Structures are given as structure tokens and as C-alpha cells.
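Examining the three-dimensional arrangement
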Amino acid sequence: MAAAAFLCARAAAPALLPPSRRLHCRLLASRVAAAAALSSSSGEGDGGVEFQGKVGFLGLGIMGAPMASNLIKAGCDVTVWNRTKSKCDPLLSLGAKYEPSPAEVASSCDVTFAMLADPQSAAEVACGADGAAEGLAPGKGYVDVSTVDGATSKLIGERITSTGASFLEAPVSGSKKPAEDGLLIFLTAGDESLYKRVAPLLDVMGKSRFYLGDVGNGAAMKLVVNMVMGSMMVSFSEGLLLSEKVGLDPNTLVEVISQGAISAPMFSLKGPSMVKAAYPTAFPLKHQQKDLRLALALAESVSQSIPTVAAANELYKAAKSLGLADHDFSAVIEALKAKAHSSQQ
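Predicted, not measured: the structure shown is a model, and the values here were computed from it.

By the alternation rule, side chains of strand β7 (residues 111-114) split into V111 and F113 and T112 and A114, which are all buried. Here strand β4 (residues 55-58) runs beside β7; their pairing, made up of four bridges, is parallel. Bridging from a neighbouring strand, F57 pairs with F113 of β7. Strand direction decides the pairing type here: β7 and strand β8 (residues 141-144), joined by four bridges, are parallel. Along β8, the bridge assignment pairs T112 with Y142. Crossover β7 to β8 through helix α6 (residues 119-127) is right-handed.

Written as C-alpha cells, this is what we have:
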């Protein structure tokens with residue numbers, strides 16, 4: 001299996017490489033042990049996979065920008081695009097190239113990644129006018145790391161493969177900090193040969209990866225993970241407010257939880273700022289509510305009841321109505337505060 005970072009000839013001696021030469025990224029030996037442990041736990045074994053080629057990256061928001069940055073810092077030849085071009089500037093300063101449309105990025109690169117905010121954006125960037133599909137051809141690959149529903153992922157996959165290119169869905173579990181630290185979890189499905197081909201790139205951006213079979217399975221797994229996360233945050237919010245209401249210190253509650261069986265990094269990370277009513281955005285609340293909505297539709301499609309998620313979704317919708325859509329999803333606690341306040345009047 002591939003290790004998690006690259007040692008590139010270009011990075012070591014950029015002046016010696018002719019511009020036309022493809023980037024040849026080699027894996028850093030310092031992370032082989034970590035990769036071996038991952039291989040053992042996931043049943044993967046890529047046998048020292050290397051990646052050759054140019055990498056495209058579409059969508060440079062909270063998640064996409066640090067993911068692309070990690071590829072550039074690892075020495076990869078990266079070309080970027082974003083609807084708001086100014087968001088490309090920090091990456092251009094790191095050495096990235098720029099193309100003015102998804103089609104031109106895909107045409108100039110061997111593999112193109114896409115990290116878009118929602119199903120509509122993901123479909124438009126892949127399949128719309130000047131979309132990535134218009135620049136794809138046999139031998140190229142397209143990896144969509146956006147969080148979308150299975151139907152949208154399959155739609156994108158069909159359009160991509162109609163060009164002769166390969167498609168992999170690879171939504172990520174993790175938010176801003178894991179993206180910055182290269183500690184995301186990739187939930188992949190689709191073309192297995194493309195999965196093996198881009199494994200070294202996934203290992204630069206993430207700490208683990210899972211291959212789940214047919215397109216749609218990655219999207220479904222991500223929605224299940226995010227629906228659990230969203231419901232956990234609501235329950236945690238209720239606990240913080242109740243502890244304070246009965247005269248306990250909510251900071252102590254955070255500490256108690258962190259030492260017990262229900263400990264979760266999310267609680268320890270978010271709790272202290274939530275007590276201060278501060279919600280620095282790592283995962284926007286509007287995206288959490290979108291994922292709950294998609295999870296509810298997924299459950300409906302198989303007649304599975306998920307009442308806890310349905311109730312949580314209503315609270316996130318209420319938080320959005322309070323103007324908190326672009327705050328971190330932990331701001332859902334404000335919807336509970338508002339509800340308590342209105343009941344007292």
C-alpha cells in the first residue's frame with residue numbers, strides 16, 4: 001500500500017526539471033510504517049504504488065483549499081479552478097497552475113479531483129457547460145470528493161465514463177482541521193483501477209481510505225456518518241444547556257464526557273467554544289443540514305425509520321432561520337436556546 005506523502009524530484013531540484021516533464025512523485029519512507037499499519041487494518045495492499053501525472057483540483061472552499069495545498073506541498077503538479085478566482089491565489093503562490101474552466105483543468109490533467117458544496121454544484125461542475133466532462137478522454141480519471149446523494153453520484157459517474165474516462169466517488173469524513181493536517185478519511189466507490197492509481201494522492205490528503213464497491217456506496221456511507229455526527233451534536237448541545245440550567249459547570253461536563261465511554265474528539269474540540277457561544281466554522285451548519293436532508297431521503301428510499309435524525313434536522317433548519325447557516329454546525333445549540341427562550345415567554 002502507498003504511504004502518505006511524496007518525495008518529488010521537482011521539489012528537490014526544480015531548476016533541473018524541463019517544463020514538459022511529467023511530475024514523478026515517490027513515496028516518503030518516513031510514513032511507510034503508518035501506511036503498512038493501514039494496509040493491515042483495511043485489507044489493502046498496493047505494493048508501493050507510485051503516481052505519475054498532473055493533478056487537477058476543482059473547488060477551493062473550506063475543504064478543497066487545504067486538500068489541494070497538501071498535494072502542492074507534497075510536490076505534485078497541481079492545476080486549480082474555482083468559481084471565485086481569488087480563492088485560487090494562495091495556491092498559485094504555492095506553485096499551482098490555473099485554468100479558467102473545469103473542462104480546461106480536466107483536459108490538461110491526468111486525474112482531476114472535485115470538492116463542491118452540494119449535489120447541484122457537483123453535477124454542474126462535472127456535467128454542465130464547460131464542465132469537467134468536456135475535457136475528459138480515455139486514460140483520464142475524475143474523482144469526486146464532494147458529499148452528494150447516490151443518485152447524483154451515479155449521474156456524474158455516467159457522464160464521466162461516457163467520455164471514456166474513469167470515475168471514482170470519494171467523499172471524505174473530516175472537517176477543516178483534518179483537511180489541513182492531511183487526516184481525512186476517504187470513502188471511495190467506483191472504478192477500482194482508478195482507486196489504486198490515485199491511492200498515493202489520497203494518502204497525502206488523508207489518514208485512511210476504504211474501497212466500498214459500486215458507485216453510490218461511498219455517498220451512502222458518508223451520509224450515514226454525517227447523520228450520526230449531526231444527531232450527536234444535537235444531543236451534546238442539549239446536555240450542555242441542561243447542565244448549565246441545573247447549576248452545573250458545562251466546562252466540567254465536557255471534561256467528564258472526555259474521560260468516559262462516550263468520549264469523542266468532536267465533543268472535546270467543540271465543547272469549550274460552544275460554552276462561550278463561539279462557533280468558528282470548520283463544517284458549515286448549512287452543509288450539515290443538507291446532509292441530514294439527504295440522509296432522510298436515503299432512509300425513505302429503503303423504508304427505514306430514523307426519527308432521531310428527523311428531529312435533529314428540524315433543529316438545524318431552525319438554526320438556519322436564525323441566520324447561522326454559515327457558522328459551524330455546533331451553532332445548532334442556538335436553536336435550542338431560542339426554543340427555550342420562546343417557551344418561557
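Let us keep going from here.
Let us look at the confidence of the model for the protein chain. When pLDDT is averaged along the protein chain, the result is 88; 85% of the residues meet or exceed 70. Residue range residues 1-49 is modelled with pLDDT below 50. Its contacts to residues more than four positions away, or to other chains, number 99 contacts.

Tracing the backbone through its elements, the reader meets V105 in helix α5 (residues 102-108). Here the alpha-carbon distance between V105 and G56, two residues 49 residues apart in the chain, equals 5.8 Å.

Axis separation between helix α10 (residues 217-245) and helix α12 (residues 265-275) bottoms out at 11 Å; the angle between their running directions is 45°. With respect to each other, α10 and α12 are oriented oblique. Taken as a pair, α10 and α12 cross one another with a handedness that is right-handed. Across the interface between the two elements, M229, M232, M233, F236, S237 and L240 from α10 touch M266, F267, K270, G271, M274 and V275 from α12. Looking at the contact of α10 with α12, its residues break down into nine nonpolar, two polar and one charged.

Moving on, we come to helix α11 (residues 250-258). Every buried residue belonging to α11 is among P250, V254 and I257, and all of these are buried. Each buried residue of α11 lies within a common arc of 70° when the element is viewed along its axis, so the set occupies one face. If you follow the buried residues of α11, they end up packed against α10 and α12.

Attention now goes to the packing of aromatic side chains. Considering all chains together, one arrives at five aromatic pairs under this definition. Ring centres 4.4 Å apart and planes at 25° place the aromatic pair F236 and F267 in the stacked group. With F236 in helix α10 and F267 in helix α12, this residue pair connects regions lying 31 residues apart in the sequence. A relative accessible area of 8% means that F267 is categorised as buried. An angle of 65° between the planes, with centres 5.6 Å apart, marks the rings of F283 and F329 as edge-to-face. Taken as a pair, F283 in the loop between α12 and α13 (285-301) and F329 in the loop between α14 (307-321) and α15 (333-344) lie far apart in primary sequence, 46 residues in all. Like F283, the residue F329 is buried in the burial classification. Here the guanidinium or amino end of K85 rests over the ring plane of Y98, the centre of that ring lying 4.5 Å away.

Within the structure shown, the criterion is met by one cavity of 30 Å³ or more. Its volume calculated, the largest cavity comes out at about 40 Å³. D144, S146, V148, S153, F167, E169, P171 and A219 are the residues that line the largest cavity. In the lining of the largest cavity, the residues fall into four nonpolar, two polar and two charged.

Next up on the list: the nonpolar core. With 34 residues, the main nonpolar core has F57, M67 and F113 as its most contacted residues. Taken together, the elements giving at least two residues each to this core come down to β4, α3 (64-73), β5 (78-81), β7, β11 (184-190) and α9 (192-205). No other element matches the seven residues that α9 contributes to this core. In contact with M67, other than residues within four places in its own chain, are F57, M115, V145, V172, A179, L184, F186 and M205. Judged by nonpolar contacts, the second largest core, of 32 residues, contains L285, A295, Y316 and L324.

Procedures and definitions
Residues numbered from 1 in each chain as written. Predicted model: local features only at pLDDT ≥ 70, side-chain atom pairs only at ≥ 80, totals over all residues. Heavy atoms only, no water. Buried < 20%, exposed > 50% of the residue type's maximum accessible area, 1.4 Å probe, protein only. Helix = DSSP H or I, 4+ residues; strand = E, 2+ residues; numbered from the N terminus. Pairing = 2+ DSSP bridges. Right-handed = clockwise from strand over helix to strand, strands pointing away. pLDDT = per-residue confidence, 0-100. Contact = heavy atoms within 4.5 Å. Axes fitted to C-alpha atoms, helices over the stretch in contact; angles between N-to-C directions. Parallel < 35°, antiparallel > 145°, perpendicular 65-115°, else oblique. Left-handed = near helix turned anticlockwise from the far one by under 90°. Nonpolar A, V, L, I, M, F, W, Y, C, P; charged D, E, K, R; others polar. Arc of directions from axis to C-beta. Phe/Tyr/Trp six-rings, centres within 6.5 Å; stacked < 30°, edge-to-face > 60°. Lys NZ or Arg CZ within 6 Å of the ring centre and 35° of its normal. 1 Å grid on protein atoms, 1.4 Å probe; cavity = no way out; pocket = protein on both sides within 12 Å on 5 of 7 lines; lining within 4 Å. Points joined across faces, edges and corners; volume = space filled by probe spheres on them. Core = buried A, V, L, I, M, F, W, Y, C linked by side-chain atoms within 4.5 Å.

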